[in-house]
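Residues per chain, in single letters:
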Amino acid sequence: MRIALGIQYDGLAFSGWQAQPHGNTVQDALERALAAFAGMPVQTHVAGRTDAGVHALGQVVHFDTPLERADFAWVRGANAFLPKTVAIQWATPVSEEFHARFAAFERTYFYMLYVHPVRAPLLEGKCGWLHTPLDVAAMRAAVECLIGEHDFSAFRSSECQAKTPIKHMYAIDIGQQGNFYGFRFRANAFLHHMVRNLMGCLVSIGKGRQPPGWMAEVLASGDRRRAAPTFMPDGLYLAHVGYPDQFRLPPPNWAAWPYSMPWPT
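Residues numbered from 1 in each chain as written. Predicted model: local features only at pLDDT ≥ 70, side-chain atom pairs only at ≥ 80, totals over all residues. Heavy atoms only, no water.

K.L.:
Please explain the nonpolar core as it appears in this structure.
P.N.:
In a soluble, globular protein the nonpolar side chains are often hidden away together inside. Core analysis: the largest hydrophobic core is formed by 80 residues, its most contacted members being Leu113, Phe155, Phe183 and Tyr243. With 8 residues, the top contributor of residues to this core is helix H4 (residues 194–206). Excluding residues that lie within four positions of it along the chain, Tyr243 makes contacts with Ala47, Val60, Phe98, His99, Ala100, Ala103, Ala104, Phe105 and Leu249. (Core = buried A, V, L, I, M, F, W, Y, C linked by side-chain atoms within 4.5 Å. Buried < 20%, exposed > 50% of the residue type's maximum accessible area, 1.4 Å probe, protein only. Helix = DSSP H or I, 4+ residues; strand = E, 2+ residues; numbered from the N terminus. Contact = heavy atoms within 4.5 Å.)

K.L.:
Would you take a moment to explain the pairing of strand E1 (residues 2–9) for this structure?
P.N.:
Taken residue by residue, a regular strand's side chains alternate between the two faces of the sheet. With respect to burial, E1 is a largely interior element, 8 of its 8 residues being buried. By the alternation rule, side chains of E1 split into Arg2, Ala4, Gly6 and Gln8 and Ile3, Leu5, Ile7 and Tyr9, which are all buried. Bridge count for E1 against strand E3 (residues 55–64) is 7 bridges, and the pairing is antiparallel. Each bridged residue has a counterpart across the sheet, and for Ile7 the counterpart in E3 is Gln59. (Pairing = 2+ DSSP bridges.)

K.L.:
I would appreciate a short explanation of the environment of Ile3 in the present structure.
P.N.:
By secondary structure assignment, the location of Ile3 is in strand E1. Here the alpha-carbon distance between Ile3 and Phe63, two residues 60 residues apart in the chain, equals 5.5 Å. Ignoring any residue separated from it by four or fewer positions in sequence, one finds Ile3 in contact with Val61, His62, Phe63, Thr65, Trp74, Ala91, Thr92, Pro93 and Val94.

K.L.:
Just checking my understanding: could you explain the environment of Ser15 for this structure?
P.N.:
Relative to the assigned elements, Ser15 resides in the loop between E1 and helix H1 (26–38). Judged by its relative accessible area of 36%, Ser15 falls in the partly exposed class. For Ser15 and Gly235, which are 220 residues apart along the polypeptide, the C-alpha to C-alpha distance reads 16 Å. Excluding residues that lie within four positions of it along the chain, Ser15 makes contacts with His22, Asn24, Thr25 and Ala52.

The structure is reproduced here in structure tokens:
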């Protein structure tokens, strides 16, 4: 039987998603919990690996098992063995055609930024922080060139293992609610550090250090050295992974999402 899971986690204390010998990753914690509940080793496959300090609202994984359990038994049973910073939100059986990574047709990331002269300790690790306001209109103008299919090499980490730098960006939305700035990125897939590198460029434009047209120049160059430094991971969330309707996966559970953002429609 193949089971799909929806996962939420606070990535602050973890060394990213992917299993490591030291065992301090989200995958390590999840597989230990599933094995403790199932009474046998469990290998998971993930929709998208996240970096150290990056969070997830709607991460999706799948695993194969000979065991038959009620859907909610997987949720309650595995959650009993997980740290408080990780929780399975739902579990559902899927066909063998489903693969958490390869069956996905889109991903959505949120980046939350707190802008205030003084940092907020209660937001530490959950939001990025800047002490100077940003020009939202300039940033919105800058992202227009990114929509569509492009070679995103200029925003690609040197450690990226993707087969191609060509991705299709469906939408980038920027909203503001008081001192909070929200950025929503939706694409078929993302390169390693792509969102954080885009954020670095957007912040430079929002601060007035670069004009909006600079983003198109960086994109066309294909040169990572032309872009801004990689932005902090603190406010980055894997928000949603999209799959064909045939798999009938539950929607992500955002009930605990604390940031109300008026996204442009």
